[in-house]
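# Fold and geometry: a report
Each chain is listed here by its residues.
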Amino acid sequence: MTARIDAALDAVADERETISDEYAALAAFDRRVAELSTVTVSTGPPLVTDPQPSGPSLTRLRRAYTETVMDTPHYGTEYGDTVAESLAAEFGDDLAAALLGGTALTPELRDAVRAATDAAQHERAEFLDVLDREADSLAAAADDVDTLTTELESLDDRPLSARDFDELHDLWSTLQDVDARVDAISLRRQETIRSHRNDLPGVPADLCEYLYHDLSAAYPVLASLADFGTRLERARRRVERALATTP
């Protein structure tokens, strides 16, 4: 009954590993940028560099980027873009243009790169927090579904034909209580999904659709609860038919 949720937990673990690798790569890149020498230019805006003999620093910066941020195990299959595309996606078009077209690494440019790197790390850290909450939510839901399944199966330990009217009525009431608990679990899960949307306003797709697009259900907990609800409804109808024919 929890196969969908188990698959979702695996997907979250895979995504967490990916984001953790990116966070570590950005940290390594920042350390290398911090060690680069800079040159002060006398004219032009901070991000527009004049010809200076410090071009090797920019070359080393770009090399550091490809050897850290673009060298994570998943990078090729996940993104597969060029250095220019990657810099623009990570740091914005203006900063990418300065890094690719400039001839000197100024203190201002290095500071801008480090600030952008810090922002990218912070974004990953926030996403990791959301993924941890998602994993906790999935694990709790799996435990709930397992508990409900065990209870539902235990209610069928005696044939309905062997029960009198009062026993059948008690059984029907218990099934109603189980149904209410299913609704409560579903509402809690939906609230978690809504909180993810609030925590990740910049994510274009719903988090569940992003994480679980390759799975059989984009909303694995709600799908599992729906499956359980179908079993519960069949059980309730059986009890109701038994009640109708028991004096």
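Residues numbered from 1 in each chain as written. Predicted model: local features only at pLDDT ≥ 70, side-chain atom pairs only at ≥ 80, totals over all residues. Heavy atoms only, no water.

The subject of this paragraph is the packing of helix α4 (residues 83–91) against helix α5 (residues 93–101). Their axes nearest at 7 Å, the elements α4 and α5 cross at an angle of 140 degrees. What the angle tells us is that α4 and α5 run oblique. Considering how the two elements wind past one another, α4 and α5 form a crossing that is right-handed. Residue-level inspection shows Val83, Ala84, Leu87, Ala88 and Phe91 of α4 in contact with α5, the latter providing Asp93, Leu95, Ala96, Leu99 and Leu100. Split by residue class, the contact of α4 with α5 holds nine nonpolar, no polar and one charged. (Axes fitted to C-alpha atoms, helices over the stretch in contact; angles between N-to-C directions. Helix = DSSP H or I, 4+ residues; strand = E, 2+ residues; numbered from the N terminus. Parallel < 35°, antiparallel > 145°, perpendicular 65-115°, else oblique. Left-handed = near helix turned anticlockwise from the far one by under 90°. Contact = heavy atoms within 4.5 Å. Nonpolar A, V, L, I, M, F, W, Y, C, P; charged D, E, K, R; others polar.)

Evaluated as defined, the whole model comprises five aromatic pairs. Consider the rings of Tyr65 and Phe91, whose centres lie 5.9 Å apart with planes at 65 degrees: the pair is edge-to-face. Here Tyr65 is found in helix α2 (residues 55–67), whereas its partner Phe91 is found in helix α4, with 26 residues between them in sequence. Across the pair, Phe91 and Tyr65 agree in class, each one buried. Seen in terms of ring centroids, Phe127 and Tyr210 are 6.3 Å apart; in terms of plane orientation they differ by 50 degrees. Their pairing is tilted. One end of the pair, Phe127, is in helix α6 (residues 107–154); the other, Tyr210, is in helix α8 (residues 207–211), and 83 residues separate them in sequence. Overall, Phe127 belongs to the buried group, its relative accessible area being 12%. Through successive ring pairs, a cluster of aromatic residues spans Phe29, Tyr65 and Phe91. (Phe/Tyr/Trp six-rings, centres within 6.5 Å; stacked < 30°, edge-to-face > 60°. Buried < 20%, exposed > 50% of the residue type's maximum accessible area, 1.4 Å probe, protein only.)

This paragraph deals with the layout of surface pockets. One simple way to see leftover space: roll a probe sized like a water molecule over the atoms. When its volume is computed, the second largest pocket comes out at roughly 270 Å³. Every residue along the wall of the second largest pocket is listed here: Ala11, Asp14, Glu15, Thr18, His74, Glu78, Tyr210, Leu211, His213, Asp214 and Leu215. Looking at the lining of the second largest pocket, the elements with two or more residues in it are α1 (3–34) and α8. Here the lining of the second largest pocket gets four residues from one element, more than from any other, and that element is α1. Considering only residue class, the lining of the second largest pocket consists of four nonpolar, three polar and four charged. (1 Å grid on protein atoms, 1.4 Å probe; cavity = no way out; pocket = protein on both sides within 12 Å on 5 of 7 lines; lining within 4 Å. Points joined across faces, edges and corners; volume = space filled by probe spheres on them.)

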